[in-house]
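These are the residues of each chain, in order.
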Amino acid sequence: LPFATMSSKTGTFLLQQPLNYRAGARIQPVDGSHSEEVNEPATGRVMGKFLFSGEKEVDLAVQSAKAAFKIWSQKSGMERSRVLLEAARIIRERREEIATMETINNGKSIFEARVDIDISWQCLEYYAGLAGAIAGQHIQLPGGSFAYTRREALGVCVGIGAWNYPFQIACWKSAPALACGNAMIYKPSPLTPISVVMLAEIFTQAGVPNGLFNVVQGGAATGQFLCQHQDVSKVSFTGSVPTGIKIMEMSAKGIKPVTLELGGKSPLIIFSDSILENAVNGALMANFLTQGEVCCNGTRVFVQREILEAFTKEVVKRTQKIKIGDPLLEDTRMGALISCPHLERVLGFITQAKEQGAKVLCGGEPYVPDDPKLKNGYYMRPCVLGDCRDDMTCVKEEIFGPVMSILPFDTEEEVLERANNTTFGLAGGVFTRDIQRAHRVVAALQAGICFINNYNVSPVELPFGGYKMSGFGRENGQAGIEYYSQLKTVCVEMGDVESVF
Ligand SMILES: NC(=O)C1=CN([C@@H]2O[C@H](COP(=O)(O)OP(=O)(O)OC[C@H]3O[C@@H](n4cnc5c(N)ncnc54)[C@H](O)[C@@H]3O)[C@@H](O)[C@H]2O)C=CC1
Ligand SMILES: C[N+](C)(C)CCCC(=O)O
């Protein structure tokens, strides 16, 4: 069954059900509660509808995953590695098709979507590489006795994803999960249900057992059934803080480990000795990828007063040049936001910022492209806010849109105090030519991912995750293995048993 009548032109894609994936095939949920529409952000057009899954469908997916887990968890790391490498190869081969789908469903530029797909297959390659190296330890004990540890899979893991990086988030969760020998049930955001089904098909084609990777479509209710299911061993979640809290509460009832990748309001600190062009490029990278809908964005841009004017002038000039429009066109660098309510929410933050005394230095208003088919798309001009203060809403809350707040500072001590004065702790960045200062500053930042003289690069070899209310657990890197496996200790007696009794 094709997904859709695929053409790489905006405004033409038609979605075809089913979008659930169970036991190695696309399938309609047995107890679909209701249907919801999927929009194309670039045009505002409805591309089709799909069914939300109920409790029975969730249970069938869990049963299917349990059966596959029995087979997969018995395989050696090298055997799993070969399958994951094949999946990575297929993703590379279908890169353009997947990136096109991602662009159509999310609204981000095709230029960026290709990078997302590259990071996705690299993640599979990386964990394929580690799969054969997953091992325990041998520990010598007195009298020839010894112990060893086994790093074992957890069982059926649930992945719940956000809409900003639909395919990539699914890979960041499934690659380490499968490498460690687990099965996974994935629930994408109902706003972006499509590309993960391609991933499921690719896994099957690459040779994973039927049922090892299932897709259950739906929203909060479906997610709850997944988190509450007694045969689910782990939940890995990417999304907002309020939902993260609910996930943790539900998981607590079953003592299920959770990984939470939540939001942020990260600081980017630019000292006056920075190379200005790099600092400006870094600030643009920190704020405007995927229309600003990125959890680790450095949206609080602290600029040392001596260079405030020069930096601001250059950042505004460059922001105004960002090409907005049809996300499938090669030269577009900013597409459409995810939905109409989200666009309105982002614009609302800008209105409030003005009321609170911030100055709009550029952008911040809806953008209507000339192309008539894009008239109802969710576009806005990227915004730079000046005259910001730490107590403003735009500086305190995650906007999740293309809005940069510039905040002047004078000293290192002062800026660190202000940078850390937030409940979030996902990322942070510093630009300076003083190497001692660079390392001193990142050591003091309360954030899980720090950048020196760059921002928002994300090689899959690096652990990714937050401090404070931005969550815990890590995705990517060797650390990722710990969150999808458990340690068994085996104590071996070589002598006789000396009983106390
Ligand atoms: N850390 C990150 O990478 C990301 C963080 N976010 C944050 O999330 C916000 C909005 O994104 P949304 O997708 O609307 O986030 P959300 O937290 O509402 O939804 C994320 C996922 O959780 C599911 N979900 C919602 N309620 C649930 C429940 N009670 N039980 C189980 N699953 C549930 C959703 O269907 C979706 O798949 C952004 O403004 C941003 O703050 C969003 C994307 C990425
Ligand atoms: C790829 N990167 C680093 C720009 C963002 C990934 C995190 C997210 O899901 O928002």
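Everything numeric here is computed off the predicted structure, so don't read it as measured data.

### A word on the sheet that holds strand S22 (residues 485–492)
Working step 1: Read across the sheet, three strands follow the order S7-S8-S22 without closing on themselves; strand pairing throughout is antiparallel. Looking at the sheet topology across the chains shown, the edges are occupied by strand S7 (138–140) and S22. Between one strand axis and the next, the sheet turns through 20 degrees on average, direction left out of account.
Working step 2: Alignment of S7 against strand S8 (residues 146–153), held across three bridges, turns out to be antiparallel. Within the sheet, the bridge partner assigned to Ile 139 lies in S8 and is Ala 147.

### Considerations on the site of ligand 2
Working step 1: Inspection of the region around ligand 2 gives Asn 164, Tyr 165, Gln 168, Ile 169, Trp 172, Val 294, Cys 295, Cys 296, Ser 458 and Phe 464 as its neighbouring residues.
Working step 2: Interatomic distance of 3.0 Å between a side-chain N/O atom of Asn 164 and an oxygen atom of ligand 2.
Working step 3: Within the contact set of ligand 2, an oxygen atom lies 3.2 Å away from a backbone nitrogen or oxygen of Cys 295.
Working step 4: In the complex, the protein chains occlude 96% of the 310 Å² of accessible area that ligand 2 would expose alone.

### Section: the layout of surface pockets
Working step 1: Approximately 920 Å³ is the volume found for the largest pocket.
Working step 2: Looking at the lining of the largest pocket, the elements with two or more residues in it are helix H7 (220–228), strand S12 (232–238), helix H8 (241–253) and helix H11 (340–355).
Working step 3: No other element matches H8, which puts six residues into the lining of the largest pocket.
Working step 4: Grouping the constituent residues of the lining of the largest pocket by class yields 17 nonpolar, 12 polar and six charged.

### Brief notes about the site of ligand 1
Working step 1: Lining the immediate environment of ligand 1, one finds 26 residues, of which Gly 161, Lys 187, Ser 240, Leu 262 and Glu 398 sit closest.
Working step 2: Relative to its unbound accessible surface of 830 Å², ligand 1 loses 86% to contact with the protein.
Working step 3: When each cavity is represented as a set of grid points, ligand 1 is found to reside in the largest pocket.
Working step 4: Counting only elements with at least two residues in the shell around ligand 1, the list comes to H7, S12 and H8.
Working step 5: When residues of the shell around ligand 1 are assigned to their parent elements, the largest contribution, four residues, is made by H8.
Working step 6: Tallied by class, the residues present in the shell around ligand 1 amount to 12 nonpolar, 10 polar and four charged.

### Regarding the confidence of the model for the protein
Reading predicted coordinates in detail is not appropriate for stretches of low pLDDT.
Working step 1: When pLDDT is averaged along the protein, the result is 97; 99% of the residues meet or exceed 70.
Working step 2: In the predicted complex, the global pTM is 0.97; the interface-specific ipTM is 0.94.

### Brief notes about the sheet that holds strand S16 (residues 359–362)
Working step 1: The strand order across the open sheet formed by seven strands is S16-S17-S18-S15-S14-S19-S20, and the pairing between neighbours is mixed. On the outer flanks of this sheet lie S16 and strand S20 (449–452), each paired with one strand and no other. Ignoring strand direction, the axes of neighbouring strands in this sheet form an average angle of 25 degrees.
Working step 2: Contacting strand S14 (267–270), strand S15 (300–304) and strand S18 (403–409), helix H13 (residues 412–419) crosses the sheet at an angle of about 145 degrees to S18.

### A closer look at empty space enclosed by the protein
Working step 1: Using the criterion set out here, one finds two cavities of 30 Å³ or more in the structure.
Working step 2: Of the pockets and cavities examined, the largest cavity occupies roughly 80 Å³.
Working step 3: In terms of residue class, the lining of the largest cavity is made up of seven nonpolar, five polar and three charged.
Working step 4: Approximately 60 Å³ is the volume found for the second largest cavity.
Working step 5: Taken together, Gly 264, Lys 265, Gly 292, Val 294, Cys 295, Asn 297, Thr 299, Glu 398, Ile 399, Phe 400 and Gly 401 form the lining of the second largest cavity.

### Some words on the pattern of salt bridges
Working step 1: Scanning the model with the defined rule gives 24 salt bridges in all.
Working step 2: In this structure, Glu 40 and Arg 45 form a salt bridge, with 3.0 Å as the shortest nitrogen-oxygen distance.
Working step 3: Of the charged contacts in the structure, one is a salt bridge between Arg 114 and Glu 330, with a shortest N-O distance of 2.7 Å. In this pair, Arg 114 sits in helix H4 (residues 110–131) while Glu 330 sits in the loop between helix H10 (308–320) and H11, placing the two residues 216 residues apart along the sequence.
Working step 4: Arg 114 gets classed as buried once you look at its relative accessible area, which sits at 13%.
Working step 5: Overall, Glu 330 belongs to the partly exposed group, its relative accessible area being 49%.

### Description of the pairing of strand S10 (residues 183–187)
Residues in a regular strand point their side chains to alternate faces of the sheet.
Working step 1: Burial within S10 is extensive, with five of its five residues counted as buried.
Working step 2: What you see with S10 is no split at all: Ala 183, Ile 185 and Lys 187 on one side and Met 184 and Tyr 186 on the other are buried throughout.
Working step 3: In this sheet, S10 lies alongside strand S9 (residues 156–160) in parallel orientation, the contact comprising five bridges. Pairing of Cys 157 across the sheet is with Met 184, part of S10.
Working step 4: Read as a crossover between parallel neighbours, the route from S9 over helix H5 (residues 166–179) to S10 is right-handed.
Working step 5: Crossover S10 to strand S11 (residues 213–215) through helix H6 (residues 195–206) is right-handed.

What counts, and where the lines are drawn
Residues numbered from 1 in each chain as written. Chains lettered and ligands numbered in written order. Predicted model: local features only at pLDDT ≥ 70, side-chain atom pairs only at ≥ 80, totals over all residues. Heavy atoms only, no water. Pairing = 2+ DSSP bridges. Helix = DSSP H or I, 4+ residues; strand = E, 2+ residues; numbered from the N terminus. Axes fitted to C-alpha atoms, helices over the stretch in contact; angles between N-to-C directions. Near = heavy atom within 4 Å. Polar contact = N/O pair within 3.5 Å; in protein donor to acceptor, adjacent residues only side chain to side chain. Areas by Shrake-Rupley, 256 points an atom, 1.4 Å probe, with all protein chains shown as cover. 1 Å grid on protein atoms, 1.4 Å probe; cavity = no way out; pocket = protein on both sides within 12 Å on 5 of 7 lines; lining within 4 Å. Points joined across faces, edges and corners; volume = space filled by probe spheres on them. Nonpolar A, V, L, I, M, F, W, Y, C, P; charged D, E, K, R; others polar. Sits in = over half its atoms within 2 Å of the grid points. pLDDT = per-residue confidence, 0-100. Contact = heavy atoms within 4.5 Å. Salt bridge = Lys/Arg side-chain N within 4 Å of Asp/Glu carboxyl O. Buried < 20%, exposed > 50% of the residue type's maximum accessible area, 1.4 Å probe, protein only. Right-handed = clockwise from strand over helix to strand, strands pointing away.

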